[in-house]
Amino acid sequence: MARQMTGAKMVVQALKDHGVEVIFGYPGGAVLPIYDEIFQQNDIRHILVRHEQAAIHMAEGYARSTGKPGVALVTSGPGATNAVTGLTDALMDSIPLIVLSGQVPTFLVGTDGFQEADTVGITRPCTKHNWLVKDPAKLSETIHQAFHVATSGRPGPVLIDMPKDVQFAVATYTEPKAAKVDHYQPQVKGDLDAITKLVELIETAEKPVFYTGGGVINSGPAASQLMRELVDATGFPITSTLMGLGAYPASGKNWLGMLGMHGLYEANLAMHGCDLMINLGARFDDRITGRVADFSPKSTKVHVDIDASSINKIIAVDLPILGDIGHVLEDVLKVWKSRGRKVNKPAIEKWWKKIAEWKKVNCLAYTNSEKTIKPQYALQRLEELTKGMDRYITTEVGQHQMWAAQFLGFEDPNRWMTSGGLGTMGYGFPASIGVQIAHPESLVINVAGEASWLMNMQEMGTATQFRVPVKQFILNNERLGMVRQWQELLHGERYSHSWSESLPDFVKLAESFGWKGMQVSDPADLDDAIMEMIKHDGPVLFDCLVEKHENCFPMIPSGKPHNEMLLAADADVFKEGAALV
């Protein structure tokens, strides 16, 4: 039997029908009918944020740690424009989000009404798809389509803009099963001939490497398991982008570590010297390739991706396979096993010996101190003291983010949440709240720099209100660390506005919000303080005072090929040369 209801009630009903348990939002005039419906039900929990950008990042953290789409609700005008950074972040990192925005009544659209903005026009470049719904009869079906688009194929954020009069109007609710979604059905099965060619390459490769990205994680847990099976059965080395950490366990015998601008020496050199590169769900980002013309010059390149627009966009590949990673890997394993599980073992053993030589460089080595906490040491201790726990890590963006990727180990997917493509300072704190809301009994730690963390510090109120026990682990060097590093190495040590001035007393700030505040500066006190942070049953702001001018190595300098990495020992020589240019 057809159900009649208001547009606002349709929104809440559709969210229930799609299994939504929590939404992140901030009320305003253009969405008050929806908030009135939220008030009159108890199935969906609403988290009141302090800024709309944070609502989107919380929804991202929720989505990335659960595999479910995140949902956010914002009002018209500034509410929607404040969401733009989060939408762009989610688009770059392929995070499924449903963002619902209010709009002025349809008769005011285009008149520059109070709190009106062209939300659909503004968000078109930063969403997978968006809609302005002027007809109440189409609202529920549009929401169902939005969930389908956000979660099918390459995931991404979508936005539905809803005029206020549409929220008040009464129309027939379209049930989810009746919604028309046939027009968007991405290809998930890979071409079997291409998969057979990949298997032939696997059988004969002498210096192979698996290059994996966030697409493996986005494909779901089965894809990670299939990839692990293939990697371990073939004995091939595997590396990953920043977004793909955890798909293959950090303790796995074939793991080379992260590759890219601040990736490991052995991972980058393996990519440069390989004869077969199997790209699974990564997009050849510039942080990975370095100078494109010199990227892995002698390899046969295979690219498996569900997004056709990502294939051959930056790097021309020899064998493209369009399809979902999980489906493609399932077929690869079937074909490879049916042909006798063959690999070139003598050549691969020789390849591993070469990799072992690169590992001896010990590219993450640093000079520790008994007087000052080195940021690398802080993260080594955090890893050692939390390893094996039910732990989720988020990060802000900068040096601390790269050190976290280098020194923290991830055994499973969906445990590492960071802003990869957009590099959004202010992402990590709200994302950690979203993760903690999804996993209330787990340990959730945001690794931060003091500059990034201040960008969304207002969300301390959200954590306090909803009793979210997130741990904020700030590596405080009183600098915009990555900016300062580039200025030191590439701009003649001219430190233009890269000092963090007028910092708050983080302990007092924490206490003013009802949090636990901690400050540590002595390496000898670090372990006890970390354990105190972990054991505290509420939110903690941990101010870890670290070496101010520590640089993050290895580093591929901008414009250099990815086999010309700058190691700590080379920094002074490089700096002198760069200063002369």
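Residues numbered from 1 in each chain as written. Predicted model: local features only at pLDDT ≥ 70, side-chain atom pairs only at ≥ 80, totals over all residues. Heavy atoms only, no water.

**Thoughts on the sheet that holds strand β9 (residues 208–212)**
Strand order in the open sheet formed by six strands is β11-β10-β9-β12-β13-β14, and the pairing between neighbours is parallel. Either end of the sheet is taken by a strand with one partner, and the two such strands are β11 (255–258) and β14 (319–322). Pairwise comparison of adjacent strand axes, ignoring direction, gives a mean angle of 15 degrees for this sheet. Strand direction decides the pairing type here: strand β12 (residues 276–280) and strand β13 (residues 300–305), joined by five bridges, are parallel. Counterpart to L280 in the pairing with β13 is V304. Relative to β9, helix α11 (residues 221–234) is tilted by about 165 degrees, and along the sheet it contacts β9, β10 (238–240) and β12. (Pairing = 2+ DSSP bridges. Helix = DSSP H or I, 4+ residues; strand = E, 2+ residues; numbered from the N terminus. Axes fitted to C-alpha atoms, helices over the stretch in contact; angles between N-to-C directions. Contact = heavy atoms within 4.5 Å.)

**Some thoughts on helix α5 (residues 84–92)**
Helical periodicity: at 3.6 residues per turn, an α-helix aligns residues three or four positions apart in one direction. Within the sequence span of α5, burial applies to G86, L87, D89 and A90. One side of α5 holds all its buried residues, which, seen down the axis, span an arc of 160 degrees. On its buried face, α5 is in contact with α3 (52–66), β5 (97–103), α6 (119–123) and β7 (157–163). Just past α5, the residue S94 takes up positive phi, approximately 60 degrees. (Buried < 20%, exposed > 50% of the residue type's maximum accessible area, 1.4 Å probe, protein only. Arc of directions from axis to C-beta.)

**Here we look at the sheet that holds strand β2 (residues 22–25)**
In spatial order, the strands read β3-β2-β4-β5-β7-β6; together these six strands make up an open sheet with parallel pairing. Edge positions in the sheet fall to β3 (45–48) and β6 (129–132), since each of these pairs with one other strand and no more. Pairs of neighbouring strands in the sheet enclose a mean axial angle of 20 degrees, with direction left out of account. As judged from the two bridges shared by β2 and strand β4 (residues 70–74), these two strands associate in the parallel manner. Looking across to β4, one finds that F24 is bridged to A72. Sheet strands in contact with helix α7 (residues 139–151) are β4, β5, β6 and β7, and its direction is about 165 degrees off that of β7.

**Concerning the UniProt feature "domain: Thiamine pyrophosphate enzyme N-terminal TPP-binding" (unreviewed entry) in the chain**
Under the UniProt annotation, "domain: Thiamine pyrophosphate enzyme N-terminal TPP-binding" (unreviewed entry) lies at residues 5–120. Secondary structure across residues 5–120 divides into 42% helix and 19% strand, with the first and last C-alpha atoms of the span separated by 25 Å. (UniProt positions renumbered as here; feature names shortened; annotations may be inferred.)

**Re the pairing of β3**
Alignment of β2 against β3, held across four bridges, turns out to be parallel. Its bridge partner being in β3, F24 is matched across the sheet by I47. After leaving β2, the chain enters helix α2 (residues 32–39) and then returns to the sheet as β3, a path that is right-handed. (Right-handed = clockwise from strand over helix to strand, strands pointing away.)

**Here we look at the pattern of salt bridges**
Two side chains of opposite charge can pair, provided their charged atoms sit close to one another. Evaluation of the coordinates by the stated rule reveals 20 salt bridges. Residue K354 is joined to E357 by a salt bridge in which the shortest nitrogen-to-oxygen separation is 3.7 Å. Of this pair, K354 and E357 both sit in helix α15 (residues 345–359), three residues apart, which is roughly one turn of the helix. (Salt bridge = Lys/Arg side-chain N within 4 Å of Asp/Glu carboxyl O.)

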